[in-house]
Amino acid sequence: MTTEEFKQSRIGKAPIALPQGVDVTVSGNTVTVKGPKGTLKHDFKDCVEVYNKDGHVGITLKQLDTEGRALSGLYRSILHNMVVGVSQGYEKKLEIIGTGYKAEMRGTTEILFNLGYSHPIVYELPDGVTAEVSKDFKITLRSADKEVIGQSAAVIRSFRKPEPYKGKGIKYVDEVIQRKAGKTSSK
């Protein structure tokens, strides 16, 4: 075992197997991943190097400095998320709970929300994100980019966060809301 492999984090050392139909191109510090679900591009710092050989892709350190060791695990996770995103894609599901709260698609790039405010909220989807709104007001977001879809879901949830008394608002489908007991009058 070389000192470079010894100093790199366990996550950073692990190679990523490329699925069928995924192509990785390394050009300097820019990595482009192409697959059936789309194309993703990311710029990495000079302290790490991305390799692509024998159907595997991974991260190696160029020099044994603190910055490279600290970022090797992060960059490997970003690279793994890119490979999974272009091969399988990511999906986030949200649901709207509350009387009169609703959402509907306007075209293919906007969602119109009525959430009890005096005005409707129009959310424009970022590039690469698609959405569906079902009859029972469940929102399904799909994208190849994990970072963009996570940010989109967080912004949509922030329009009306679920409150702890009745649970009304926008929440993730698998999210559990800790309920509080309301005030009661004593007689």
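Cut-offs used in this document
- Residues numbered from 1 in each chain as written.
- Predicted model: local features only at pLDDT ≥ 70, side-chain atom pairs only at ≥ 80, totals over all residues.
- Heavy atoms only, no water.
- Pairing = 2+ DSSP bridges.
- Helix = DSSP H or I, 4+ residues; strand = E, 2+ residues; numbered from the N terminus.
- Axes fitted to C-alpha atoms, helices over the stretch in contact; angles between N-to-C directions.
- Contact = heavy atoms within 4.5 Å.
- Core = buried A, V, L, I, M, F, W, Y, C linked by side-chain atoms within 4.5 Å.
- Buried < 20%, exposed > 50% of the residue type's maximum accessible area, 1.4 Å probe, protein only.
- pLDDT = per-residue confidence, 0-100.
- Salt bridge = Lys/Arg side-chain N within 4 Å of Asp/Glu carboxyl O.
- Phe/Tyr/Trp six-rings, centres within 6.5 Å; stacked < 30°, edge-to-face > 60°.
- Lys NZ or Arg CZ within 6 Å of the ring centre and 35° of its normal.
- Expected span 1.5 Å × (residues − 1).

Turning to the sheet that holds strand β10 (residues 121-124), a few remarks are in order. Pairing is antiparallel across the open sheet formed by three strands, whose spatial order is β8-β9-β10. The open sheet terminates on both sides in strands that have one partner only, identified here as β8 (102-106) and β10. Strand-to-strand twist across the sheet, computed as the mean angle between neighbouring axes with direction ignored, equals 25°.

What follows concerns the sheet that holds strand β7 (residues 90-97). Taken in spatial order, the four strands make up an open sheet running β11-β12-β7-β13, and their pairing is antiparallel. One side of each edge strand has no neighbouring strand; the edge strands of this open sheet are β11 (130-133) and β13 (169-172). Taken over all neighbouring pairs, the strand axes of this sheet differ in orientation by 20° on average, direction set aside. Here β11 pairs with strand β12 (residues 138-143) via four bridges, running antiparallel. Directly across from Thr130, in β12, lies its bridge partner Arg142. Across the sheet, helix α4 (residues 146-158) is in contact with β7, β12 and β13; its angle to β7 comes to roughly 5°.

This paragraph deals with the nonpolar core. One finds Phe113, Ile139, Leu141 and Ile156 to be the most contacted residues of the largest nonpolar core, which totals 21 residues. When residues of this core are traced back to their parent elements, those giving at least two are β7, β9 (110-114), β10, β12 and α4. Apart from residues lying up to four places away in sequence, Leu141 is in contact with Tyr90, Glu91, Lys92, Leu94, Leu125, Val129, Thr130, Ala131, Ile149, Ser152, Ala153 and Ile156. Ile16, Leu40, Val50 and Tyr75 belong to the second largest nonpolar core, which has 19 residues in total.

Next up on the list: the confidence of the model for the protein chain. Averaged over all residues, the pLDDT of the protein chain is 89; the fraction at 70 or higher stands at 94%. Within the protein chain, the lowest mean pLDDT, 52, falls on helix α1 (residues 3-7), and the highest, 96, falls on β10.

This brings us to the pattern of salt bridges. Scanning the entire structure with this criterion turns up six salt bridges. Residue Glu91 pairs with Lys93 through a salt bridge whose shortest N-O separation is 3.8 Å. Glu91 sits in the partly exposed class, given a relative accessible area of 40%. On the basis of relative accessibility, which here comes to 43%, the residue Lys93 falls in the partly exposed class. In this structure, Glu91 and Arg142 form a salt bridge, with 2.9 Å as the shortest nitrogen-oxygen distance.

Before going further, it helps to examine the packing of aromatic side chains. Applying the stated rule across the entire model yields three aromatic pairs. Summarising the aromatic geometry, the rings of Phe44 and Tyr75 are spaced 4.8 Å apart at their centres and angled 90° between planes, so their arrangement reads as edge-to-face. Taken together, the residues span a long stretch of sequence, with Phe44 in the loop between β4 (38-43) and β5 (48-53) and Tyr75 in helix α3 (residues 66-87) at a distance of 31 residues. In terms of burial, Phe44 and Tyr75 fall into one category: buried. Three or more aromatic residues link up through ring pairs in this structure, and these residues are Phe113, Tyr123 and Phe159. If you follow Lys53 out to its NZ or CZ, it ends over the ring of Tyr51, 5.4 Å from the centre.

So, on to α3. The end-to-end C-alpha separation of α3 is 33 Å, in line with the 32 Å expected for 22 residues at 1.5 Å each. Positive phi appears at Gly89, one or two residues downstream of α3, with a value of about 85°.

A positive phi angle, close to 55°, is found at Asp54, a residue other than glycine. The residue Asp54 is located in the loop between β5 and β6 (56-61) in this model. Unlike most non-glycine residues, Phe137 shows phi in positive territory, near 60°. Here Phe137 lies in the loop between β11 and β12. Owing to a relative accessible area of 27%, Phe137 belongs among the partly exposed residues under this scheme.

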